[in-house]
Amino acid sequence: MTAARALLALWVLAYHLDLHLAFPLLRPWVKRGYLGVDGFFILSGCVLAHRYPSLGLRPRDVLLFWWRRLVRLYPVHLTLLLLLGGWFLLAEAAGVAPHQAGRASGREFFLQLLMLNGWGASQGWSWNYPSWSVSTEWAGYLAFPLLLSLVSGFGVRIAALGSLVLWAALGAVALLSPAGLNLTYAGALWRFFPEFLAGMAIAIMLPAMGQRNAALAGLVGLMVATLGILAGTPDSAADAVAVGGIFLCLLSLAANRNRVLGRVPGLTALGGLSYCAYMSYAPVELAFARLWRHAGLDPSRHAWSWAALMSLAILALAWLLARFVERPAIRHLAGRAVDR
């Protein structure tokens, strides 16, 4: 599953790079790369339900769970937010106006500081804008103990039926949204919770999944995801169709005892860096956009150079964050290993 995180992270990265470059290569897949985040939401619910099957609602256990999840998210989030804030103050002191002043408001800074920017209070893309998904994840972590207590008695059949209901709800969200499922601020929670709960349903279904059924789910999931990605427009239910396919693919991977993706060289290591890499995109993009404008270069005219240099810089910053922020925080603050 850590290797699956790597594939989802690469998909999201391709989408963000494409916002500058408009790559013609694999265009239908790249333009729907925002659905990689939906895969992360499903994975999050699955991993937590599998890791904490009997968490309960005792205050001490709940508080300890929240603390460990906060330690997993917040140090990297805070480091990058302070980095961007420091850059803004230095630029202001040097008399350099921000390229987009609205991305540097004090209100948005404090919403991100409190991880509330994905709860419908934010007015748009600002500061470390990918952190909207961290905010929604935090909402899921806060709700997880209660959600787990509600679904812990469900059997496999109820979990499978519940998955279909959640998929239908996600389709309704996609149809009602002008942006399909590409919801980041105002509607992020409507996108998140059906997928998070669907991930929890995967954990319930796993014990009953044989290898043959897992392989079938993966094959059907790949076909359904491809259908959703290649058909329709972002303001249609095609997004929900694609997410249904992603759900089946993740169910298949979770039930596969051969750990197929885990055997691909480098994927597991990259998956371990996926959170830091995802959070590193905005500061790297900001620095690169400023440098390239100063040099009079257009990223779209140097697409492959821009993509390669950006990717290397993101990986470098992600490694530094993992090495000096994320892992030390987990080691010293969490008390014991925190699941990824």
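These notes cover the structure that comes with them. (Residues numbered from 1 in each chain as written. Predicted model: local features only at pLDDT ≥ 70, side-chain atom pairs only at ≥ 80, totals over all residues. Heavy atoms only, no water.)

**With respect to the nonpolar core**
Move 1: In this structure, Leu17, Leu35, Val76, Phe144, Met200, Ile202 and Met310 are the most contacted members of the largest nonpolar core, which totals 89 residues.
Move 2: Here the element with the most residues in this core is helix H1 (residues 2–21); it accounts for eleven residues.
Move 3: Among residues more than four places away in sequence, those in contact with Met310 are Leu17, Tyr281, Val284, Glu285 and Phe288.
Move 4: Counting five residues, the second-largest nonpolar core is a separate cluster that includes Leu81, Leu84, Ala104 and Trp127. (Core = buried A, V, L, I, M, F, W, Y, C linked by side-chain atoms within 4.5 Å. Buried < 20%, exposed > 50% of the residue type's maximum accessible area, 1.4 Å probe, protein only. Helix = DSSP H or I, 4+ residues; strand = E, 2+ residues; numbered from the N terminus. Contact = heavy atoms within 4.5 Å.)

**Description of a nonpolar patch on the surface**
Move 1: The grouping of Leu161, Leu164, Val165 and Trp167 at the surface amounts to a nonpolar patch, some 410 Å² of accessible area in total.
Move 2: Along the chain, Trp167 falls in helix H7 (residues 156–176).
Move 3: Residue Trp167 is classed as partly exposed on the basis of its relative accessible area, which comes to 35%. (Patch = residues over 30% accessible without salt bridge, like charges linked within 9 Å, V, L, I, M, F, W, Y side chains within 5 Å. Areas by Shrake-Rupley, 256 points an atom, 1.4 Å probe, with all protein chains shown as cover. Salt bridge = Lys/Arg side-chain N within 4 Å of Asp/Glu carboxyl O.)

**Remarks on H7**
Move 1: Taking 1.5 Å per residue as the helical rise, H7 with its 21 residues ought to reach 30 Å, and the 30 Å between its terminal C-alpha atoms agrees with that figure.
Move 2: Turning to H7, its buried residues are Ala159, Ser163, Leu166, Leu170, Gly171, Val173 and Ala174. Projection of H7 onto a plane perpendicular to its axis shows the buried side chains occupying an angular sector of 160°, all on one side. Opposite the buried face of H7, by more than 90 degrees, sit the exposed residues Arg157, Leu161, Leu164, Val165, Ala168, Leu175 and Leu176.
Move 3: On the buried face of H7, the contacting elements are helix H8 (188–205) and helix H10 (238–255). (Expected span 1.5 Å × (residues − 1). Arc of directions from axis to C-beta.)

**Topic: empty space enclosed by the protein**
By rolling a water-sized probe across the atoms, one finds the places where empty space is left.
Move 1: A full pass over the atoms with the stated rule returns one cavity of 30 Å³ or more.
Move 2: Taken as a whole, the largest cavity spans an internal volume of roughly 90 Å³.
Move 3: Val12, Tyr15, His16, Tyr34, Val37, Trp125, Trp132, Asn182, Thr184, Arg191 and Tyr278 together form the lining of the largest cavity.
Move 4: A per-element tally of the lining of the largest cavity places H1 first, with three residues. (1 Å grid on protein atoms, 1.4 Å probe; cavity = no way out; pocket = protein on both sides within 12 Å on 5 of 7 lines; lining within 4 Å. Points joined across faces, edges and corners; volume = space filled by probe spheres on them.)

**Looking at the packing of helix H6 (residues 131–151) against H8**
How two helices sit against one another is set out by the angle between their axes and by the gap between those axes.
Move 1: With their axes 10 Å apart at the nearest point, H6 and H8 run at an angle of 45° to one another. Relative to H8, the element H6 is oriented oblique. Crossing hand, H6 versus H8: right-handed. Taking contact as the criterion, the partners of Trp132, Thr136, Glu137, Ala139, Gly140, Ala143, Phe144, Leu147, Leu148 and Val151 in H6 are, on H8, Ala188, Leu189, Arg191, Phe192, Phe193, Phe196, Leu197, Met200 and Ile204.
Move 2: Residues of the contact of H6 with H8, tallied by class, amount to 15 nonpolar, two polar and two charged. (Axes fitted to C-alpha atoms, helices over the stretch in contact; angles between N-to-C directions. Parallel < 35°, antiparallel > 145°, perpendicular 65-115°, else oblique. Left-handed = near helix turned anticlockwise from the far one by under 90°. Nonpolar A, V, L, I, M, F, W, Y, C, P; charged D, E, K, R; others polar.)

**Here's the deal with the packing of aromatic side chains**
Move 1: Counted according to the given criterion, the structure contains 14 aromatic pairs.
Move 2: Judged by centre distance (5.5 Å) and plane angle (75°), the ring pair of Tyr15 and Tyr34 falls under edge-to-face. Placement of the pair is Tyr15 in helix H1 and Tyr34 in the loop between helix H2 (27–31) and helix H3 (35–51), with a sequence separation of 19 residues.
Move 3: We classify Tyr15 as buried; its relative accessible area is 14%.
Move 4: Their ring planes at 75° and their centres at 5.0 Å tell us that Phe192 and Phe193 sit as a pair that is edge-to-face.
Move 5: Assessed through its relative accessible area of 0%, Phe192 is described here as buried.
Move 6: You can call Phe193 partly exposed: its relative accessible area is 22%.
Move 7: A connected cluster of aromatic rings, assembled from ring pairs, spans Phe41, Tyr52, Phe65, Trp132, Phe144, Phe192, Phe193 and Phe196.
Move 8: The ring of Tyr141 is capped by Arg69, whose NZ or CZ atom sits 4.8 Å from the centre of that ring.
Move 9: Above the face of the Phe324 ring, Arg323 is positioned so that its terminal group lies 5.1 Å from the ring centre. (Phe/Tyr/Trp six-rings, centres within 6.5 Å; stacked < 30°, edge-to-face > 60°. Lys NZ or Arg CZ within 6 Å of the ring centre and 35° of its normal.)

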